[in-house]
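Architecture and fold: a report
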Amino acid sequence: MSAKHHKIRVGISIGDFNGIGPEIIIKTLKEKSILDFFTPVIFGSGKLFSYQKNVFKVNQNYHLIQQLSQLKHGEINILNLWKDNVNIEFGKPTEESTALAIQSLEAATEALMKGEIDVLVTAPINKDEMLKQGFSYTGHTEYLEAKFKQKALMFMVTEDLKVAVSTHHIPVAEVASKITKERIVKQVRTLDQTLREDFCIQKPKIAILGLNPHAGDGGSIGQEEIEIITPAINKLFDEGVLAFGPFPADSFFQPEKYKAYDAVLAMYHDQGLTPFKTISYEEGVNYSAGLPFIRTSPDHGTAYDIAGKNIADAQSFEEAIFSGIKIFQNRREYQELLQNKLQPKKTFDANGVDEDLPEENE
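All values reported here derive from a predicted model rather than from experimental measurement. (Residues numbered from 1 in each chain as written. Predicted model: local features only at pLDDT ≥ 70, side-chain atom pairs only at ≥ 80, totals over all residues. Heavy atoms only, no water.)

**Describing the packing of helix H3 (residues 95-113) against helix H5 (residues 140-148)**
At a minimum axis separation of 12 Å, H3 and H5 run at an interaxial angle of 45 degrees. Comparing the axis directions of H3 and H5 gives the class oblique. H3 and H5 meet at a crossing whose hand is right-handed. On H5, the residues touching Leu105, Glu106, Thr109, Glu110, Leu112 and Met113 of H3 are His140, Tyr143, Leu144, Lys147 and Phe148. (Axes fitted to C-alpha atoms, helices over the stretch in contact; angles between N-to-C directions. Helix = DSSP H or I, 4+ residues; strand = E, 2+ residues; numbered from the N terminus. Parallel < 35°, antiparallel > 145°, perpendicular 65-115°, else oblique. Left-handed = near helix turned anticlockwise from the far one by under 90°. Contact = heavy atoms within 4.5 Å.)

As structure tokens, this is what we get:
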């Protein structure tokens, strides 16, 4: 099958199965017509999903496989990582649900790195419980950075609003010490490339927020804007990157302001994610930008308070799948165009013969 007609294989890690992960996966895949667009591979348990589909009253068939070479297009594939029964306790994490969340994520990531799947979509995890069981990372982004040995940007995206954060899961008290000119320059370069390669935006305009209230108010509420952020913006602009700011964060997220830019770089987690989730909660997608592989997830958590009640909304998870597919297609097309652009141009003689062709032996 040619690359252009390749059915995209979407790997799905299940997250904490006592949360809403399996529910939103099941609901996303409930219409068989969705399998016309991609081939899902759930890294989980046939018994777990057979039980939960009945809880959520969805008629769904699964193709259980022991290795990814056995997957079938047009089917919901489950790589059966564990065959024993599982004890489901909706609404709270357990040692079992946490251990299997880790196992699912690790297996799906390995498959992504081996090229056995094309896109990874991760259901919500409980970071605190995973840390207690020896998982060494504060989130998906940090885990993937370690696996791929490359820095990533946490990039929250919808059609109209795209927000990256300079610092991820760290205490607010440590944010200022992590903000450097070099860090901002590198991250905005990554963001610029991501927008071009993964979102087909030819000349991205990127807004950069200030760290302090009112973007420092001319230095009266902090010096970071003057000493770090503005010099970074000037350097980027000199390189040809359309970076603007620093903007006061408290007034930036008005439609007439943020819609004038293709993406925003916030200085810390809540500065970017609070307005993003307020504006775009149901359709927001978390994308790990700047990595050699494609990973997306919904922009919400495990939602233990509604787990098992059949009221979870699967829209964000569905958006995560189709965003991952679109990014995969965009990146492939970009690389093909770049490759064609780098091919040497043919030259012809006066008779229209390709001058690079070898002469025939007489």
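**Remarks on the pairing of strand S12 (residues 294-298)**
Taking burial as the measure, the 5 residues of S12 include 5 buried ones, the bulk of the element. Side-chain alternation along S12 places Ile294, Thr296 and Pro298 on one buried face and Arg295 and Ser297 on a second face that is also buried. The sheet contact formed by strand S5 (residues 119-122) and S12 spans 3 bridges and is parallel. Across the sheet, the residue bridging to leucine 120 is arginine 295, located in S12. Note: strand S11 (residues 285-289) against S12, 3 bridges, orientation antiparallel. Pairing of valine 285 across the sheet is with proline 298, part of S12. Between the end of S11 and the start of S12, which pair antiparallel, lie 4 residues, with glycine 290 showing a positive phi angle near 90 degrees. (Buried < 20%, exposed > 50% of the residue type's maximum accessible area, 1.4 Å probe, protein only. Pairing = 2+ DSSP bridges.)

**As for the side chain of serine 45**
Along the chain, serine 45 falls in the loop between strand S2 (39-44) and helix H2 (46-55). Here serine 45 falls in the buried class, since its relative accessible area comes to 0%. Reaching out from serine 45, the side chain makes a polar contact with the backbone nitrogen of lysine 47 at a distance of 3.3 Å. Reaching out from serine 45, the side chain makes a polar contact with the backbone nitrogen of leucine 48 at a distance of 3.1 Å. Apart from residues no more than four positions distant in its own chain, serine 45 is found in contact with Ile78, Asn80 and Trp82. (Polar contact = N/O pair within 3.5 Å; in protein donor to acceptor, adjacent residues only side chain to side chain.)

**Here's the deal with the domain arrangement of the protein chain**
Annotation of the protein chain at the domain level lists domain 1 (1-152 + 291-337) and domain 2 (153-285). When each unit is reduced to the centre of its C-alpha atoms, the spacing between domain 1 and domain 2 is 29 Å. Facing 23 residues of domain 1, the contacting portion of domain 2 comprises 19 residues. Taken together, the two surfaces of domain 1 and domain 2 that pack against each other cover about 1700 Å², and 50% of this comes from carbon and sulfur. Its largest share of buried area at the contact with domain 2, domain 1 owes to Asp299, Asn330 and Tyr334, together 33% of the area lost on that side. Two residues, arginine 331 and glutamate 197, come together in a salt bridge whose shortest N-O distance is 3.6 Å. Scanning the region where domain 1 abuts domain 2 turns up 5 residue pairs in polar contact (both at pLDDT 80 or more). Broken down by secondary-structure element, the contributors of at least two residues to the side of domain 1 that touches domain 2 are H5, S12 and helix H12 (315-342). The dominant element in the side of domain 1 that touches domain 2, judged by the number of residues it contributes, is H12, at 10 residues. (Domains from an automatic or database assignment. Buried area = accessible area lost by both parts, 1.4 Å probe. Salt bridge = Lys/Arg side-chain N within 4 Å of Asp/Glu carboxyl O.)

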